[in-house]
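# Working through the structure, step by step
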Amino acid sequence: MAYDYAKHIRPGKLPHIWCPGCGHGIAMKGMIRAIDACGLEKNNTAIVSGIGCASRLPGYMDYCTLHTAHGRAAAFATGVKMARPEMNVIVVGGDGDGTAIGGNHFIHACRRNIDMTYIILNNSIYGMTGGQFSPCTPTGAKASTTVYGNPDPTFDISKLAIGAGASFVARGTAFHAAQIDKLIAEGIKHKGLAVIEILDDCPTTYGRRNKFRSVVDMMKRLKEIAVPVAAAAKMTAEQLEGKVLTGILHQENKPEYCEQYAQVIARAKCA
Amino acid sequence: MSSPKAKIEVIERYCKGCAICAEFCPTNVLEMDAFVVKVARPEACTACMQCELRCPDFAIEVHKL
């Protein structure tokens, strides 16, 4: 039986605004399957986003949704979670929104290890605002603001999240669609901040400037560069050159922020 | 040729013609017809669901028979 996405989407919202071949739709489908698999209820689940192509995602979802200022999704989501700790909070954003404009909020959400799921759709570019380079644009790649090639080194979002203290970090790709829902579901079940990075494609503002002839070429690249963590353990450093690891990259149990804060409230009441 | 394992439904109003489904179908069931995908060889479908999973536009439904 075909999967019934319709019951999770606001009526009349499709077709969505994303360009032909944009991987955001694939990630959104994975997220819907994960939410369904975890049995999250619509009234008890908040999906929060900032600004950007990826941040349009909550607008399609028939859940409690919050569309906030550019880069501030993690800050608003932290507020939601602290006010209503019983809610499931999912943050969705792009690489520019999450790691540049909202980089500060992102690292501190990781540091606090607050019980949320942060899904970053990494398409290596600012798509909606006109194809400016982001911290995830590969070195040497062309963007509307780096027409002679990007001189900047690139952020590895997953390593950044692990370094900043997130207790669950996973990475998938839009090509490996069947894996996305499993990674997100694990992230939702995890107690603490779960970061799931989905490597994505932007055919319109990244692909055509960087010699990808089609969406299919971009998908083939994702297929080529992705190496599951288990397979990578048996590979040499030379073989792993230019590859990215996929799967669950990091998981640990650490004190969760809302619980820690509840203890502060309890201590203050006794004082 | 064996009987098809699934019925593939294309919602043409949602399809943006990206061709991901047609390109990565392991048994070449799908084909691009101008800017919309069409089910060219339904008898070859093995119901692997990859087209439905990878369609970014919610435009393909694979109903297993």
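Now for a description of the structure that goes with this document. Values in this document were obtained by computation on a predicted structure and should not be read as measured data.

Turning our attention to the interface of chain A and chain B. Chain A puts 27 residues into the contact, and the matching count from chain B is 20 residues. Taking both partners together, chain A and chain B bury about 2000 Å²; carbon and sulfur atoms supply 67% of that area. In this structure, the connection of chain A to chain B is made through one salt bridge. One salt bridge connects B:E23 with A:K220, and the closest N-O pair in it is separated by 3.3 Å. Counting across the interface, chain A meets chain B through 10 residue pairs in polar contact (both at pLDDT 80 or more).

Residue and element names in this part refer to chain A. Closest axis-to-axis distance for the helix 1 (residues 24-37)/helix 7 (residues 177-189) pair is 8 Å, and the angle between their directions is 50 degrees. Of the possible angle classes, the one that applies to helix 1 and helix 7 is oblique. In terms of crossing hand, the pair formed by helix 1 and helix 7 is right-handed. Along the contact surface, helix 1 presents I26, A27, G30, M31, R33, A34 and I35, while helix 7 presents A177, A178, I180, D181, I184, A185 and I188. Looking at the contact of helix 1 with helix 7 residue by residue, the classes come out as 11 nonpolar, one polar and two charged.

Cut-offs and rules
Residues numbered from 1 in each chain as written. Chains lettered and ligands numbered in written order. Predicted model: local features only at pLDDT ≥ 70, side-chain atom pairs only at ≥ 80, totals over all residues. Heavy atoms only, no water. Contact = heavy atoms within 4.5 Å. Buried area = accessible area lost by both parts, 1.4 Å probe. Salt bridge = Lys/Arg side-chain N within 4 Å of Asp/Glu carboxyl O. Polar contact = N/O pair within 3.5 Å; in protein donor to acceptor, adjacent residues only side chain to side chain. Axes fitted to C-alpha atoms, helices over the stretch in contact; angles between N-to-C directions. Helix = DSSP H or I, 4+ residues; strand = E, 2+ residues; numbered from the N terminus. Parallel < 35°, antiparallel > 145°, perpendicular 65-115°, else oblique. Left-handed = near helix turned anticlockwise from the far one by under 90°. Nonpolar A, V, L, I, M, F, W, Y, C, P; charged D, E, K, R; others polar.

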